[in-house]
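Spelled out from the first residue to the last, the chains are:
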Amino acid sequence: MLKGKKILLCVTGSIAAYKAAILLRLLIRSEAEVKIIMTPSATDFISPLTLSTLSRNKVLIDLVYDDVWVNHVLLGRWADAILIAPATCNTIAKMANGQCDNLLLSVYLSATCPVIIAPAMDEDMWYHLATQRNLDLLQSIGNYIIPVNNGELASGLSGPGRMAEPEEIIQYLENHFDAKQSLKDTMALVTAGPTYESLDPVRFIGNYSTGKMGIAIASELSNRGAKVTLVLGPSTEKVPGNINTIRVQSAEDMYNACMQHFDDYKIIVMAAAVADYRPSTVADQKIKKGSAGFTLDLVKTKDILLEAGNRKTPMQVLAGFALETENERENAQKKLAKKNADYIIMNSLNDNGAGFGQDTNKITIFEKSGKEFNFSLKSKKEVATDIVNIITQRINE
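Procedures and definitions
Residues numbered from 1 in each chain as written. Predicted model: local features only at pLDDT ≥ 70, side-chain atom pairs only at ≥ 80, totals over all residues. Heavy atoms only, no water. Helix = DSSP H or I, 4+ residues; strand = E, 2+ residues; numbered from the N terminus. Buried < 20%, exposed > 50% of the residue type's maximum accessible area, 1.4 Å probe, protein only. Contact = heavy atoms within 4.5 Å. Areas by Shrake-Rupley, 256 points an atom, 1.4 Å probe, with all protein chains shown as cover. Lys, Arg positive; Asp, Glu negative; His and termini not counted. Charge placed at Lys NZ, Arg CZ, Asp CG, Glu CD. Pairing = 2+ DSSP bridges. Axes fitted to C-alpha atoms, helices over the stretch in contact; angles between N-to-C directions. Disulfide = S-S within 2.5 Å. Salt bridge = Lys/Arg side-chain N within 4 Å of Asp/Glu carboxyl O. Patch = residues over 30% accessible without salt bridge, like charges linked within 9 Å, V, L, I, M, F, W, Y side chains within 5 Å. Phe/Tyr/Trp six-rings, centres within 6.5 Å; stacked < 30°, edge-to-face > 60°.

Asker: What am I meant to see in the overall build of the protein here?
Answerer: Looking only at helices and strands, one finds 13 helices and 24 strands in the protein. Dimensions of the protein along its principal axes, counting C-alpha atoms only, are 75 × 55 × 40 Å. Within the protein, the fraction of its 397 residues that count as buried is 51%. Here the analysis covers contacts within the protein between residues at least 6 apart in sequence; of these, 66% occur between residues at least 24 apart. Carbon and sulfur atoms form 49% of the exposed surface of the protein, whose accessible area is close to 19300 Å². When the 42 positive and 44 negative side-chain charges of the protein are each reduced to one mean point, those points stand 4 Å apart.

Okay, here's the thing in structure tokens:
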């Protein structure tokens, strides 16, 4: 529930701003503590006096108030959640690109709490590829997007882009905070990204993994209150600061990092694309091109998922990934049995939009009990939610 929760309600310049008064009334009725930020253009649609009266707090609009600087950093740290409702196309674009030309954006870029966005715009703006790109980017870095409704718009058209109703937003907030407590203080281990197996000081054997999927899973676990350790291979993807991240290079490095405190973790998700083989020797100097061919001798790396399956106890939940290109179901199910995992999450390079480097994924989850869960193509953030939902259900049984 929302009792005692600190909500920073941010209102931008949309006709839907009138709903902020209703939303604010519902937040106060739910016994939340609410502070208000408005963009200057929002004041054209609803009076700051209305919102200050309902919230019993002064409404903040500018970085300077009565000749005093408004501490945007402390505002971002005060809140349990920042709710931007309505969020215009313009504000969403600025957030996605890190712009900082008003108080709302300054607070957003300083925030350490979850940021929940309720978009509001006309149908054509909603469908524009730039808007969808901005929303995808905001989701990929950990923001939450409340789905828009389909209905009558300010233009007189009817379609998607209408802000969710205040009652729906309240329900979303309640679900968010309920989920945030579902794994409170649960120890979780996630692996992500590729491994690089050195040939010489400048070359390596690797793969195309970026770590996006594993980072999304780690973020979702953390959002539900878990204490997450992420063992991350070479990746340039951004990781939320509240996740304990151990950066590694090789399969051997990843194995050692995972096994060091393995028994402490209740949830283990092996999402990394670990090299199966490494060079038997690593040259001290750069290997020069010769006139003849070059033969590379490879040896197997340690099987991290297999070792995890051998070591895990009945109190631990182990999930691994299977990226397949042929005989997908058969290979994934064999892996489930061989590795003694509780779940194998299968995705296929034959599915458009799935696989390395994509912002989306399409998965099937096989459970040791024989159950099977099929999901459509979704953003990796949504896929992470599906995976963690199933793991959470198992833990709470």
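Asker: Sorry if this is basic, but what is going on with the sheet that holds strand 14 (residues 227–232) here?
Answerer: Think of a sheet as strands paired side by side through backbone hydrogen bonds, with each pair either parallel or antiparallel. Reading across the sheet, the eight strands line up as 15-14-11-16-19-20-22-23 and stay open at both edges, with mixed pairing between neighbours. In this open sheet, the two edge strands, each paired with only one partner strand, are strand 15 (244–247) and strand 23 (372–374). Across the sheet, the mean angle separating the axes of adjacent strands is 15 degrees when strand polarity is ignored. Where strand 16 (residues 267–270) meets strand 19 (residues 317–324), four bridges bridge the pair, whose relative direction is parallel. Each residue of the ladder has a partner; that of Met270, found in strand 19, is Gly320. Contacts from helix 11 (residues 304–311) reach strand 16, strand 19 and strand 20 (343–348), with the element oriented near 155 degrees to strand 19. Where helix 13 (residues 380–395) meets the sheet, it contacts strand 16, strand 19, strand 20, strand 22 (364–367) and strand 23, and its direction lies at approximately 150 degrees from that of strand 19.

Asker: What exactly am I supposed to notice about the state of the cysteines here?
Answerer: By definition, a disulfide is the covalent link that joins the sulfur atoms of two cysteine residues. Applying the stated criterion to the full structure yields zero disulfides. Cys10 carries a free sulfur, and the closest cysteine sulfur to it, the one in Cys113, is 9.2 Å from it.

Asker: What is the right way to look at the environment of Met315 in this model?
Answerer: Relative to the helices and strands, Met315 resides in the loop between helix 11 and strand 19. Given the relative accessible area of 61%, Met315 is considered exposed. As a C-alpha pair, Met315 and Ser376 span 61 residues in sequence and 30 Å in three-dimensional space.

Asker: Looking at this structure, I do not really get the sheet that holds strand 7 (residues 115–119). What am I missing?
Answerer: If you trace the six strands from one edge of the open sheet to the other, you get 3-2-1-6-7-8, paired in parallel fashion. This sheet does not close on itself; its edge strands, each paired only once, are strand 3 (59–60) and strand 8 (144–145). When strand 2 (residues 33–38) meets strand 3, the two strands line up parallel, connected through two bridges. Within strand 3, the residue paired with Ile36 across the bridge is Val59. On top of the sheet, helix 2 (residues 48–55) reaches strand 1 (6–11), strand 2 and strand 3; it is set at about 165 degrees to strand 2, its chief contact.

Asker: Sorry, what's going on with the pattern of salt bridges here?
Answerer: Opposite charge on two side chains permits pairing when their charged atoms draw close. The full count for this structure, using the stated rule, is 16 salt bridges. In this structure, the salt-bridge partner of Asp185 is Lys227, at a minimum N-O distance of 3.9 Å. Linking Asp185 in the loop between helix 8 (166–180) and strand 11 (187–192) with Lys227 in strand 14, this pair joins segments that are 42 residues apart in sequence. For Lys227, a relative accessible area of 47% puts it in the partly exposed group. When the shortest N-O distance is used, the salt bridge between Lys334 and Glu330 registers 3.1 Å. Here Glu330 and Lys334 lie together in helix 12 (residues 328–338), a separation of four residues that amounts to about one turn. Lys334 gets classed as exposed once you look at its relative accessible area, which sits at 52%. Bridged by salt links that share partners, the residues Lys312, Asp342, Lys368 and Arg394 form one connected network.

Asker: Help me understand a nonpolar patch on the surface in this model?
Answerer: Judged by side-chain polarity, Ile15, Tyr18, Ile22 and Phe45 come together as a nonpolar surface patch covering roughly 390 Å² of accessible area. Relative to the helices and strands, Tyr18 resides in the loop between strand 1 and helix 1 (19–29).

Asker: Explain the packing of aromatic side chains here, please?
Answerer: Think of a pair of aromatic rings as described by two things: how far the centres are apart, and how the planes are tilted against each other in angle. Scanning all chains against the criterion turns up one aromatic pair. Relative to Phe204, the ring of Tyr196 lies with its centre 3.8 Å away and its plane at 15 degrees, an arrangement referred to as stacked. Given the relative accessible area of 42%, Phe204 is considered partly exposed.

On their own, these measurements won't tell you what the molecule is for.
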